[in-house]
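Chain by chain, the residues:
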Amino acid sequence: MLRKIRITLAVLFFVAVTALFLDFTGTVHAYLGWTAKMQFLPALMAMNVGVVSLLLLLTLVIGRVYCSVVCPLGVMQDIMSWLSGRRKKKKYRFTYSKEVRWLRYSALCLFIVSVILGIHAIVVLLAPYSSYGRIASNLFAPVYDWGNNLLAMLTERAESYAFYETDVWIKGATSFAVATITFIIVGILAWRNGRTYCNTICPVGTVLGFFSRFSLFHPAIDKTRCKNCSLCSRRCKAACIDYAHHQIDLSRCVACMDCIDTCKHGAIKLRRRTFSGISGRKDKENVPSSTSSVNDKQIDNARRSFLSATALVAVTLAVKAQQKKVDGGLAVIEDKQRPQRATPILPAGSLSAQHFAGACTACQLCVSACPNEVLRPSTNLHTFMQPEMSYERGYCSPECNRCSEVCPAKAITPIGIAEKSSTRIGHAVWIKKNCIPIADGVSCGNCARHCPSGAILMVPSDSENPDSLKIPVINAKRCIGCGACENLCPARPFSAIYVEGHELHSK
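For clarity, every value in this text was computed on a predicted model and none was experimentally measured.

Thresholds, definitions, all that
Residues numbered from 1 in each chain as written. Predicted model: local features only at pLDDT ≥ 70, side-chain atom pairs only at ≥ 80, totals over all residues. Heavy atoms only, no water. Helix = DSSP H or I, 4+ residues; strand = E, 2+ residues; numbered from the N terminus. Buried < 20%, exposed > 50% of the residue type's maximum accessible area, 1.4 Å probe, protein only. Contact = heavy atoms within 4.5 Å. Areas by Shrake-Rupley, 256 points an atom, 1.4 Å probe, with all protein chains shown as cover. Salt bridge = Lys/Arg side-chain N within 4 Å of Asp/Glu carboxyl O. Core = buried A, V, L, I, M, F, W, Y, C linked by side-chain atoms within 4.5 Å. Pairing = 2+ DSSP bridges. Axes fitted to C-alpha atoms, helices over the stretch in contact; angles between N-to-C directions. Parallel < 35°, antiparallel > 145°, perpendicular 65-115°, else oblique. Left-handed = near helix turned anticlockwise from the far one by under 90°. Nonpolar A, V, L, I, M, F, W, Y, C, P; charged D, E, K, R; others polar. Phe/Tyr/Trp six-rings, centres within 6.5 Å; stacked < 30°, edge-to-face > 60°. Lys NZ or Arg CZ within 6 Å of the ring centre and 35° of its normal. Lys, Arg positive; Asp, Glu negative; His and termini not counted. Polar contact = N/O pair within 3.5 Å; in protein donor to acceptor, adjacent residues only side chain to side chain. Patch = residues over 30% accessible without salt bridge, like charges linked within 9 Å, V, L, I, M, F, W, Y side chains within 5 Å. Expected span 1.5 Å × (residues − 1). Arc of directions from axis to C-beta.

## Topic: the overall build of the protein chain
Part 1 of the reasoning: Looking only at helices and strands, one finds 22 helices and 10 strands in the protein chain.
Part 2 of the reasoning: Scored against the burial criterion, the 507 residues of the protein chain give a buried share of 51%.
Part 3 of the reasoning: The long-range fraction of contacts in the protein chain, counting pairs at least 24 apart against all pairs at least 6 apart in sequence, stands at 73%.
Part 4 of the reasoning: With the model as given, the accessible surface of the protein chain reaches about 24800 Å², and the carbon-plus-sulfur share is 60%.

Written out as structure tokens, the structure reads:
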């Protein structure tokens, strides 16, 4: 029964989170957006004390249920492992292995140091939710979109317009390559060995594994009933059941309940932990007192080290959350051959480049949700895989705030339409030599006609001749950096006007 409940909840969470990355209508986020905010790392980055406390409390009560139910990367591994087990004589293919503690804690320390030092390339590669987000956005979404377009074509032939076609595009070559490599590595590990990735590399699994050692309810082996048949050990995808010594490594157990369902003798059950009283009585499941004292000392040392590192990360995140907004500066009209931005453009609501880089988990949910297709994964090592804006396919509509609505880490803080319309994320720069009235001697004015903030005014190119061809002049104080001018500029191959980003957003 416990296993069936776990599988049902895991499937529901997995489908819900995956739907967030596949949805191009914007309706799914209104109902299921909370599932992204339940992910551990985004909640930690957003300083969402309620969600983090709930997940830690859940782990202390019943173990690493988060890893087997809530985490989409963990559920994806379970699906791959289940498919592998469907092969003939492969159902009981696992075996017990000792904990590779040095690898687990080295990966966790590397992750913590990377967060503190701002080495985001390492952070986003190790974060499980971010890894799954890239896989869903770059691998699953195009397949889903192709299927939708095929269905739209078929229904249109039947004179039904219940479906409509959508653009299918790869967000970036680097992001696609990283997602593919991650999918292959995690897939091979899950196909062959189950939850190896979760118990060796994943920093969230290591953190929750520390707390799951002390979980109130946990699977335990009854020595009097155990027949040493080894079925539980060969079914355990976490490789944490030592049937010969009747022990279960709770730090690696993901509370999947497969062992309880597998045991034919009723030797494994979910039991309530008993704690030693003030008089010094020991837990019935504990080892002799001399060994117990040594283990207690090791646990205390591990606890102190973990809490120190956690406190350091919390302080760092709190400092980053207090970044203030200042004026982003004035626009500079200068001649440039091509629109290579010195400063990336970040979505309204991200406040500043420093705040965004420190809070974004690079899950790319905003990239998938953007209806204007202006967000791209960055290839810069300092902001690796984090989204930045580019106006080749569209521009950032002042009436759209979808990215701020879906961001689970508050890297893009919630922002209203009126506030977004007055937020300056960049400024337009005019390239004189590329402008059609100058280069071709033909009137244009496309940039001024489509500027939503009225920041571009067309004036005579010859001040002494009011009838001369008109050229654009940019009012830097009114420009919000939406990119409509850059996107709709007819000059080819290089745009005659482009947007330069602001490090700090302003009003």
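Next comes the rest of the write-up.
## Points about the pattern of salt bridges
Part 1 of the reasoning: Here the structure, examined in full by the defined rule, presents 15 salt bridges.
Part 2 of the reasoning: Between Asp258 and Arg3 there is a salt bridge, with its nearest N and O atoms 2.7 Å apart. Taken together, the residues Asp258 in helix α14 (residues 258-262) and Arg3 in helix α1 (residues 2-22) connect sequence positions 255 residues apart.
Part 3 of the reasoning: Where Arg104 meets Glu99, a salt bridge forms, and the shortest distance between an N and an O atom there is 2.9 Å.
Part 4 of the reasoning: The network of salt bridges with shared partners includes Arg3, Arg6, Asp78, Arg195, Lys237 and Asp258.

## Here's the deal with the nonpolar core
Part 1 of the reasoning: Ranked by size, the top nonpolar core spans 80 residues in total, and within it Phe40 and Tyr66 carry the most contacts.
Part 2 of the reasoning: With 7 residues, the top contributor of residues to this core is α1.
Part 3 of the reasoning: The residues touching Tyr66, leaving out its near neighbours within four places in the chain, are Met38, Gln39, Phe40, Leu55, Cys71, Val204 and Leu208.
Part 4 of the reasoning: Counting residues in hydrophobic clusters, the runner-up holds 17 residues, among them Ala428, Cys479, Ala491 and Ile497.

## Looking at the pairing of strand β10 (residues 497-506)
Part 1 of the reasoning: Counting buried positions over the 10 residues of β10 gives 8, a clear majority of the element.
Part 2 of the reasoning: Bridge analysis of strand β7 (residues 424-430) against β10 gives 6 bridges, and the strand direction is antiparallel. By the bridge assignment for β10, His427 is matched with Glu500.

## Some details on the packing of helix α7 (residues 72-85) against helix α11 (residues 173-193)
Part 1 of the reasoning: Look at α7 against α11: their axes get within 8 Å of each other, and the N-to-C directions meet at 50°. The orientation of α7 relative to α11 falls into the category oblique. α11 is crossed by α7, and the crossing has right-handed handedness. For the pair formed by α7 and α11, the contact residues are Leu73, Met76, Gln77, Met80, Ser81, Leu83 and Ser84 on the first element and Phe183, Val186, Gly187, Ala190 and Trp191 on the second.
Part 2 of the reasoning: Within the contact of α7 with α11, the residues separate by chemical class into 8 nonpolar, 4 polar and no charged.

## Quick word on the side chain of Thr166
Part 1 of the reasoning: Within the secondary structure layout, Thr166 lies in the loop between α10 (128-157) and α11.
Part 2 of the reasoning: Leave out the neighbours within four places in its chain, and Thr166 touches Phe24, Asp145, Asn148 and Asn149.

## Description of the packing of aromatic side chains
Part 1 of the reasoning: Within the structure shown, the criterion is met by 10 aromatic pairs.
Part 2 of the reasoning: Between the aromatic rings of Phe13 and Trp34, the centroid separation amounts to 5.8 Å while the plane-to-plane angle is 80°, which identifies the pairing as edge-to-face. With Phe13 in helix α1 and Trp34 in helix α3 (residues 34-37), the pair connects residues that are 21 residues apart, well separated along the chain.
Part 3 of the reasoning: On the basis of relative accessible area, Trp34 is assigned to the partly exposed category, the value being 46%.
Part 4 of the reasoning: Considering the side-chain rings of Phe40 and Tyr66, the 6.4 Å spacing of their centres and the 65° angle between planes classify their relative orientation as edge-to-face. Taken together, the residues span a long stretch of sequence, with Phe40 in helix α4 (residues 40-45) and Tyr66 in helix α6 (residues 65-70) at a distance of 26 residues.
Part 5 of the reasoning: By relative accessible area, which is 7% here, Phe40 ends up buried.
Part 6 of the reasoning: On the accessibility criterion, Tyr66 (3% relative accessible area) is buried.
Part 7 of the reasoning: An aromatic cluster is defined as three or more aromatic residues linked by ring pairs; in this entry it consists of Phe14, Tyr132, Phe140 and Phe183.
Part 8 of the reasoning: The positively charged end of Lys171 is found above the aromatic ring belonging to Trp169, 5.3 Å away from the centroid.

## A closer look at the side chain of Asp23
Part 1 of the reasoning: Turning to its location among the elements, Asp23 is positioned in the loop between α1 and α2 (28-32).
Part 2 of the reasoning: For the buried Asp23, no salt bridge is present, and the opposite-charge side chain at shortest range is Arg402, 5.6 Å distant.
Part 3 of the reasoning: Looking at Asp23, its side chain comes within polar contact range of the main-chain nitrogen of Thr27, at 3.3 Å.
Part 4 of the reasoning: Discounting chain neighbours no more than four positions away, the residues touching Asp23 are Val28, His29 and Ser368.

## A short note on the environment of Ser390
Part 1 of the reasoning: Structurally, Ser390 is set in the loop between β6 (387-389) and α18 (402-406).
Part 2 of the reasoning: When the C-alpha atoms of Ser390 and Gly483 are compared, they prove to be 8.3 Å apart, with 93 residues separating the residues in sequence.
Part 3 of the reasoning: Those residues within four positions of Ser390 in sequence are excluded, and the remaining contacts are Arg341, Glu373, Val374 and Arg376.

## Examining a nonpolar patch on the surface
Part 1 of the reasoning: Taken together, the side chains of Met1, Leu2, Ile5, Leu9 and Leu12 present a nonpolar region at the surface, about 510 Å² in accessible area.
Part 2 of the reasoning: Tracing the sequence through the fold places Met1 in the segment before α1.

## Some remarks on α11
Part 1 of the reasoning: Across its 21 residues, α11 extends 30 Å between first and last C-alpha, which sits within 8% of the 30 Å expected from 1.5 Å per residue.
Part 2 of the reasoning: Along α11, the residues classified as buried are Ser175, Val178, Ala179, Thr182, Val186, Gly187 and Ala190. All buried residues of α11 lie within an arc of 155° about the axis, which places them on one face of the element. Set apart from the buried face of α11 by more than 90 degrees, the exposed residues are Ala173, Ile181 and Arg192.

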